[in-house]
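# Report on the structure
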Amino acid sequence: MSRLFTPLTLRDVTVRNRLWVSPMCQYSAVDGVPQEWHHTHLAQFASGGAGLIVAEATAVSPEGRISPEDTGLWSDEQRDAWAPIVAAIRNRGAVAGVQLAHAGRKASTWSPFSGRRGSVSAADGGWTTVAPSAIAFDGYAEPVALDLAGIDGVVADFGSAARRAVEAGFQVLELHAAHGYLLHQFLSPLSNLRDDEYGGSLENRARLLLRALDAVTDAAPGVPVIVRFSATDWADGGWDADDTIAVARWAAERGADFFDISSGGLVAHQRITTGPGYQVELAARVRREAGVPVNAVGMIDDAEHAERVLAEDLADAVMAGREWLRDPHYGLRAASELGVDIDYWPAPYLRARR
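Structural notes, computed from the coordinates.

Criteria and thresholds
Note that residues are indexed from 1 along each chain, following the sequence as it is written. Side-chain atom pairs in this predicted model are given and counted only at pLDDT of 80 or more, local residue features only at pLDDT of at least 70, and totals for whole chains, interfaces and linings cover all residues. Calculated side-chain values reflect all of the structure's heavy atoms, with hydrogen atoms and water omitted. Between rings of Phe, Tyr and Trp, where Trp is taken as its six-membered ring, a pair exists when centres lie within 6.5 Å; planes separated by under 30 degrees are stacked, by over 60 edge-to-face, and by other angles tilted. Think of it this way: any DSSP run of H or I at least four residues long counts as a helix, any run of E at least two long counts as a strand, and we number them from the N terminus. Any residue under 20% of the maximum accessible area for its type is buried, any over 50% is exposed, and the rest in between are partly exposed; the area is computed with a 1.4 Å probe on protein chains only. Note on geometry: a ring has a charge over it if NZ (lysine) or CZ (arginine) is within 6 Å of the ring centre and within 35 degrees of the ring normal.

Here the structure, examined in full by the defined rule, presents 9 aromatic pairs. Aromatic side chains Tyr27 and Phe113 sit 6.2 Å apart centroid to centroid with 80° between the ring planes, which places their arrangement in the edge-to-face category. Of this pair, Tyr27 sits in the loop between strand 3 (19-21) and helix 1 (36-47) while Phe113 sits in the loop between strand 5 (95-101) and strand 6 (130-131); the two residues are 86 residues apart in sequence, bridging distant segments of the chain. Taking relative accessible area as the criterion, Tyr27 reaches 15% and is therefore assigned buried. Ring centres 5.8 Å apart and planes at 70° place the aromatic pair Phe45 and Trp324 in the edge-to-face group. One end of the pair, Phe45, is in helix 1; the other, Trp324, is in helix 10 (residues 322-326), with 279 residues separating them in the sequence. Judged by its relative accessible area of 0%, Trp324 falls in the buried class. One aromatic cluster is present, built from ring pairs that chain together Phe45, Trp324 and Tyr330. Its end group placed over the ring of Tyr344, Arg16 keeps NZ or CZ at 4.2 Å from the ring centre. Geometry around Phe137 places Lys106 over its ring, the cationic atom sitting 4.9 Å from the centre.

Written out as structure tokens, the structure is:
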């Protein structure tokens, strides 16, 4: 019996397998509205055998976008554009999720394939960024520290985006508290130097994440919620695995169902040694010590490796990104490589089934 192709249930949503698609920014939206590209990009993974497909970091407000070309869910127009994309995923048997995000001090930047780097100026369509403290990410513009009213606005934006996501048909919601974006910025002492109730102690630094989680679960009752953490900043004095374990426990108590464990992204001076499965042990430790279900990510690029991660009880699911880009039928291929007889090959593709 393959663990990778065993269904997994989140609340009342059953995912057909445990080989999932990570959220991957496409930098191809117009005013936050997803385009035909997003439809083709995401639906192909469902045809290719994915279990859960989490759409890219989708901004809860205009100023929360990483780049001007990011998708959003702050308007009904965006919600309505997402709906047929979500329907295409679900009609192909996969579960549709979306990552709700706010980029904080890493917002208003040029897309990776624009040919430019750093912050986008106001003249070029950029905006003033916000953060827990007025500390810039290396090479980016200095942000404005959020005041209490601004923090309340961020919380409300997460709730409104969650409501629109469910109205569009998304079945799973993910809060992006990783990779140096706003919720992670509040969590880490390297970017959060506040001396009010949102800074200092771990409890205070976790306050915004937990409030955003409450807003999402209130707006979308009964909908499974995943929290994505960077389990370590890979930098001295930063957020680390012990912090992640503690806050994961608190988030689970507040209604989070699952945890997506990645790492890094907060500071430019991070020191990471990458390699196949380099983040798996972080996921395994959070799973073991926090007692919560997790998925592992990070260069898990072949079926046997993914199967082994689950068989050794290091994670409950595996997310991949680049391998799905290289092969949108990674799920079908993985089943064949593991000798698993799945019943969701698309009929037009059956001639290729082994």
